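Residue-level structure breakdown
Here are the chains, one letter per residue:
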Number of protein chains: 2
Amino acid sequence: MDRRHFLRNSALGSVAAAGLAAPAIAQQAPKLRWRMTSSYPKSLDTIHQGAVTLAEYVRGMTDGAFDIQVFAPGEIVGGLQAADAVAEGTVEAAHTSSYYYWGKDPVWALPTAIPFGLNPRQQNAWFYYGGGNDMMNEFYAKQNLYGLPLGNTGAQMGGWYRKEIATPEDLRGLKMRIGGFAGKIMEKLGVVPQNIPGGDIYASLEKGAIDAVEWVGPYDDEKLGFVKVAPYYYYPGWWEGGATLHAMFNLEAWNALPPAYQTALKVGCQAVTCDMMANYDWKNPDALLRLVAAGAQLRPMSEAIMDAGFQASQEVYAEIGAGNETFRKIFDTIAAFRGNSFQYQQIADYTYDTFMMIQKQKGNI
Amino acid sequence: MDRRHFLRNSALGSVAAAGLAAPAIAQQAPKLRWRMTSSYPKSLDTIHQGAVTLAEYVRGMTDGAFDIQVFAPGEIVGGLQAADAVAEGTVEAAHTSSYYYWGKDPVWALPTAIPFGLNPRQQNAWFYYGGGNDMMNEFYAKQNLYGLPLGNTGAQMGGWYRKEIATPEDLRGLKMRIGGFAGKIMEKLGVVPQNIPGGDIYASLEKGAIDAVEWVGPYDDEKLGFVKVAPYYYYPGWWEGGATLHAMFNLEAWNALPPAYQTALKVGCQAVTCDMMANYDWKNPDALLRLVAAGAQLRPMSEAIMDAGFQASQEVYAEIGAGNETFRKIFDTIAAFRGNSFQYQQIADYTYDTFMMIQKQKGNI
C-alpha cells in the first residue's frame, strides 16, 4: 500500500525542485472559469454548500482568477448524470456521490460508503493515508475523471418508514428509496430498492410510490419533510456509516491546470471535507430535537435486521470480488483497516464518548 | 451566537465585491518568507507534521511565493515560548497548544481541550459553525495574535503510570506530567501536576522526577518510549477528548497579508485539521497493537476516578467563571453545545460504531 501523503504529488514536487526562484505568477495564474454541476439541490443547503464553499475557497486563494460556478441538478444535467457530464466534458467538474454510478461497476460504490464500511474519521484516514484516494484515481482515470473527497455527512440515519420494521421479514417487499450500492444489499433482504435523486423523493413518498426512504440525517431530512408522511425514524443507516461525497474533475481539464490551481483544489477539497462535517455536526443536534417535537418516532434498528444486513453484505462483497479484481483489491484494503481501527477507536474515543453520553442522560451536562 | 461561516470574512467579501475584474496578481502575490516555530519536536512526526503540511500547502497554492519555514522547539525559542515569540514579533507564526499558556488566563485553555469538553468532531463544529473561532480571536487580538485551528489528535489516552491507579485515593501525591489546564483539575484530586514540553518528558520519567505522564495517543507515545518506564496505560484522557492544536499568527503580520494569502492560510489550516486527524487515525491502530505487544497494560479509568474528575472540573469551571466573564461566556457556548451534541451522536454514529466494534470482538471483521 502506498502510504505517502496524497498531496506530495508531482505538482508540489516540481515547486520544490524549482527552489525559491521567482515564480512566474502572471503566467501561472490564468483567469479560468469552470462549471461544477452538483447532484444535490440548493434546498439541501448543508450538502449543496460543499461545492459552493470549495468555489469560495478557490476564488479567495486565487484573487478571483479561478472562478468555479456551481449549478444545481437540472440546471445543466440531472443529479445522476453529473459524473457522465464531467467525463464527456460537458462541464469541468461535479459534486456528486460516486456510488450513484455503481451500476456501471461496483467499484464506484467503494469510496462513498458501503454497508458496514468505515465511519467518517476512518474514511478520511483511508483516503488520505491508506492509499484510498490513489487507488480510486487509478480507477477514475479509466473513466476520464479525477476525484477528490469533498465532504462527509457522518453516520447517516436508517431512514423514514410508513410502518414499524422489527424483523427482517418486515423488509420483504418494502419499496424503499435507497441511494447507490446499498440497494443491492437490501435486495438480498427482500427490499425493492429505488434509486431516486434528492429532489424527487418527497413526491414519490407522498404519492405512495415508495414505502420508505433513507436520505441523510436530521438536518437534511427535516428539509424534505419526511416526518409528515413516514414518521418511523430508524437508526443507524448501516449502509452509510460515514458517507463521503466527491468532487470529480474531467481528467484532461484537471491535467491542464497549473500546479498551483491543482493544489488549491486539493487543499480546498480537504478543507471542505472538514467543514461539511462541522456544519452537519453543528446543525444536526437541534434538527433532531425539532423532528422529535414534530412527531418523529425514533427507533433503533433491531439486532436481527442489523445481523441480516451484515450477513447479506458479506455475501455480496464475496460474490462481486470473485469476478472483479479491482473491487476485491480496494475492498480488501478497507476491510483490513476497518477491524483494527474500530478496535482502536473503542479505547479512548468510544470510552470518552460513552462517559459523556451517560452524563447527558444523568442531566449532568 | 454568530453562526456565519468563519471564512466569509472581509477578504472574501472584497473579492466578491470586486466581481470578476482582472486581478492584479503580480501586485497581490508578493514573495514572502515567514518563520513558524513549533511546540512539538520533529521526532513526533505526526503532530510536528501539521505545520510542515500547512507550509507545503501554502507554497503549493502560491507557486512558492509564500514560503513558511517550520522550526522545531529550541531552534528559535522553546516549545512553551511559542505564542509569546509570535506576539512579540520574533517570528510571524507558531504551531502550538493554546492551553500551554493558561497560566496567563484560563481563557487560553478553552480552544485546545478542557476536561470533559468536546470530542474532535464537536471541536470543529464549535470552531467553524458555533462561533468558537471568532470568540477566541476577540481574545487573541488582545494578545496581539490571530489564531486558527491547526490539527486535532482525537481523544487522547489517559497516560502512562508506574503503578496501577484504581481509586481517586491512588492519585494523591502523584507527580504527573500533564499538559495545560488539566493540571488545575488534577490538583483538586491531589495530583502534583508538572508542565513539561514534549522533548523533556521521557528523561523526567526515567530519572523518577515524575510518577506518570499523559502525552497524546499510541503513535506519539510509542515514539517517546514510555512503555519501558511506566507500563500501565490508562484510557481515556478525560481532559483531552479531542485536543485542537493552533496556528498562531502575529496580528500585525496577519493583517498585512494580501487577502489571498489570508485565505490560503485559513483554507490550509482547515485542511490540515482534517489531514492530521486522518494521519493519527491511520497510524494509531497499529501503534496500539505494537505497544500491547511491547508490554503495555491497557486499563480503563475507573468510574470512581472519572466521576471525581468530572465533579472537580465542574467546580473549577464555576470558580473561574465567577471571576472571569470572558471565560464564562465562551465556556457556556461549549457547554450548551456539548450536551445536545453528545445526545445526537449517540443515535446514528454511536450505534453504528457499537455494532461494528461488536463485529470486531466476534471476529466477523
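On a predicted model such as this, the values are computed, not experimentally measured, just so you know. (Residues numbered from 1 in each chain as written. Chains lettered and ligands numbered in written order. Predicted model: local features only at pLDDT ≥ 70, side-chain atom pairs only at ≥ 80, totals over all residues. Heavy atoms only, no water.)

Brief notes about the pattern of salt bridges
All names here are of chain A. How we decide: Between Lys or Arg on one side and Asp or Glu on the other, a salt bridge is scored when a side-chain nitrogen of the former is within 4 Å of a carboxyl oxygen of the latter. Where helices and strands are cited, they refer to DSSP runs of H or I of at least four residues and of E of at least two residues respectively, numbered from the N terminus.
For the structure on display, the rule yields 28 salt bridges over all chains. The residue Arg290 makes a salt bridge to Glu222 at a minimum N-O spacing of 2.7 Å. Taken together, the positions of Arg290 in helix H11 (residues 259-293) and Glu222 in helix H9 (residues 218-224) put the pair 68 residues apart, joining distant regions of the chain. Salt bridges linked by common partners bring Arg33, Arg59 and Asp67 together as one network.

A short note on helix H5 (residues 120-128) of chain A
Inclusion rule: Each residue is assigned to one of three classes by its accessible area relative to the maximum for its type, calculated with a 1.4 Å probe on protein chains only: buried under 20%, partly exposed between the two thresholds, exposed over 50%.
Where burial is concerned, most of H5 of chain A is hidden: nine out of the nine residues are buried. Here H5 of chain A has its buried residues at Pro120, Arg121, Gln122, Gln123, Asn124, Ala125, Trp126, Phe127 and Tyr128 of chain A.

A short note on unusual backbone geometry
All names here are of chain A. Here Tyr235 and Pro236 are connected by a cis peptide whose omega angle stands at -10°. The residue Pro236 is located in the loop between strand E9 (232-235) and strand E10 (244-250) in this model. Although it is not a glycine, Phe116 sits at a positive phi angle of roughly 60°.

Considerations on the relation of the copies chain B and chain A
The following threshold applies: Each copy is superposed on the other by least squares, with the fit set by C-alpha atoms of residues at a pLDDT of at least 70 in both. Throughout, a residue-residue contact means that at least one pair of heavy atoms, one from each residue, lies within 4.5 Å.
By a simple turn and slide, chain B fits onto chain A: the slide is 0.0 Å along the axis, the RMSD is 0.0 Å, and the turn is 180°. Taken together, the turn and the small shift mark the pair as related by a two-fold rotation axis. The rotation axis passes nearest to the C-alpha of Ala271 of chain B in chain B, at a distance of 1.9 Å. In this assembly the copies share their binding face: 100% of the residues contributing to the interface of chain B also contribute to that of chain A.

Observations concerning the sheet that holds strand E9 (residues 232-235) of chain B
Residues and elements named next belong to chain B. Rules: Strand pairing follows a simple DSSP-based rule, namely that at least 2 bridges must link the two strands.
A sheet is described by the order of its strands in space; here six strands give the open sequence E7-E6-E8-E5-E9-E11, paired in mixed fashion. Looking at the sheet topology across the chains shown, the edges are occupied by strand E7 (192-194) and strand E11 (297-300). Bridging between strand E5 (residues 159-161) and strand E8 (residues 212-213) involves two bridges; their strand directions are antiparallel. Its bridge partner being in E8, Tyr161 is matched across the sheet by Ala212.

Considerations on the state of the cysteines
Rule in force here: Cysteine sulfur atoms that come within 2.5 Å of each other are treated as a disulfide pair.
Under the criterion given, the structure shown has zero disulfides over all chains. The closest cysteine sulfur to the non-disulfide-bonded Cys269 of chain A is located on Cys274 of chain B, 11 Å from its own sulfur.

Side note on the confidence of the model for chain A
Residues and elements named next belong to chain A. Note the cut-off: Looking at any residue, its pLDDT shows the predictor's confidence there, from 0 to 100.
With 92% of its residues at a pLDDT of 70 or more, chain A shows a mean pLDDT of 91. Here residues 1-27 scores under 50 on pLDDT; set against residues more than four positions off or in separate chains, the count is 53 contacts. Among the scores for the predicted complex, ipTM is 0.92 and pTM is 0.92.

Let's talk about the interface of chain B and chain A
This is how the line gets drawn: Values labelled buried area give the accessible surface lost by two parts on being combined, using a 1.4 Å probe and summing over both. Any pair of nitrogen or oxygen atoms within 3.5 Å is treated as a polar contact; in protein, a donor-acceptor pairing is required on top of that, and neighbouring residues in sequence qualify only through side-chain atoms on both sides. When residue character is reported, Ala, Val, Leu, Ile, Met, Phe, Trp, Tyr, Cys and Pro are called nonpolar, Asp, Glu, Lys and Arg charged, and the others, Gly included, polar.
Of the residues lining the interface, 102 residues belong to chain B; the matching set on chain A comes to 103 residues. For the chain B and chain A pair, buried surface summed over both sides reaches about 9,300 Å², with 67% attributable to carbon and sulfur atoms. Its salt-bridge partner being Asp281 of chain A, residue Arg121 of chain B comes within 2.8 Å of it at the nearest N-O pair. At the boundary of chain B and chain A, one finds 19 residue pairs in polar contact (both at pLDDT 80 or more). In terms of residue count, helix H11 (residues 259-293) of chain B provides more of the side of chain B that touches chain A than any other element does, 20 residues in total. When grouped by side-chain class, the residues that make up the side of chain B that touches chain A number 52 nonpolar, 33 polar and 17 charged.

Looking at the environment of Gly131 of chain B
All names here are of chain B. Here Gly131 shows up in the loop between helix H5 (120-128) and helix H6 (132-141). For Gly131, a relative accessible area of 7% translates into the label buried. Taking the C-alpha atoms as reference points, Gly131 and Gly183, separated by 52 residues in sequence, lie 27 Å from one another.

Looking at helix H6 (residues 132-141) of chain A
Residues and elements named next belong to chain A. For H6, the buried fraction is high: seven of the ten residues fall into the buried class. Looking at H6, one finds that the buried residues are Gly132, Asn133, Met135, Met136, Asn137, Phe139 and Tyr140. On its buried face, H6 is in contact with H5, strand E4 (145-152), E10 and helix H13 (325-345).

Re the packing of H6 of chain A against H13 of chain A
All names here are of chain A. Here is the rule we go by: Angles run from 0 to 180 degrees between N-to-C directions of axes, and those axes are lines fitted to C-alpha atoms, restricted for helices to the stretch in contact. Convention used here: angles under 35 degrees read as roughly parallel, angles over 145 as roughly antiparallel, angles from 65 to 115 as roughly perpendicular, and any remaining angle as oblique. Should the near helix be turned anticlockwise from the far one by less than a right angle, the crossing is termed left-handed; should it be turned clockwise, right-handed.
Across the interface, H6 lies against H13 with an axial gap of 11 Å and an inter-helix angle of 165°. What the angle tells us is that H6 and H13 run roughly antiparallel. Note on packing geometry: the crossing formed by H6 with H13 is left-handed. Contacts between H6 and H13 involve Met135, Met136, Glu138 and Phe139 from the first element and Thr326, Lys329, Ile330 and Thr333 from the second.

A short note on the nonpolar core
One broad trend across soluble globular proteins is that nonpolar side chains are buried collectively. Counted only if it meets this: Only buried residues count toward a nonpolar core, which is a set of Ala, Val, Leu, Ile, Met, Phe, Trp, Tyr and Cys residues joined through side-chain atoms within 4.5 Å.
Counting 194 residues, the largest nonpolar core has Trp238 of chain A together with Trp238 of chain B as its most contacted members. Excluding its chain neighbours within four sequence positions, the residues that come into contact with Trp238 of chain B are Tyr352 of chain A together with Pro115, Phe116, Ile185, Met186, Leu189, Met301, Ile305, Met306 and Gly309 of chain B. Ranked by size, the runner-up nonpolar core spans 60 residues in total, among them Met36 and Ala93 of chain A together with Leu265 and Val267 of chain B.

Looking at the packing of helix H14 (residues 348-362) of chain A against helix H13 (residues 325-345) of chain B
Running from N to C, H14 of chain A and H13 of chain B cross one another at 115°; their axes reach a closest spacing of 9 Å. In terms of orientation, H14 of chain A lies roughly perpendicular with respect to H13 of chain B. The way H14 of chain A lies across H13 of chain B gives a crossing that is left-handed. Seen from H14 of chain A, the contacting residues are Tyr352, Asp353, Met356, Met357 and Lys360 of chain A; seen from H13 of chain B, they are Arg338, Gly339, Asn340, Phe342, Gln343 and Gln345 of chain B.

Side note on the side chain of Thr153 of chain A
All names here are of chain A. Within the fold, Thr153 resides in the loop between E4 and strand E5 (159-161). The exposure class assigned to Thr153 is buried, which follows from its relative accessible area of 3%. A distance of 2.9 Å separates polar atoms of two side chains, one belonging to Thr153 and the other to Gln156. The residues touching Thr153, leaving out its near neighbours within four places in the chain, are Ile47, Val216, Ala243, Met277 and Tyr280.

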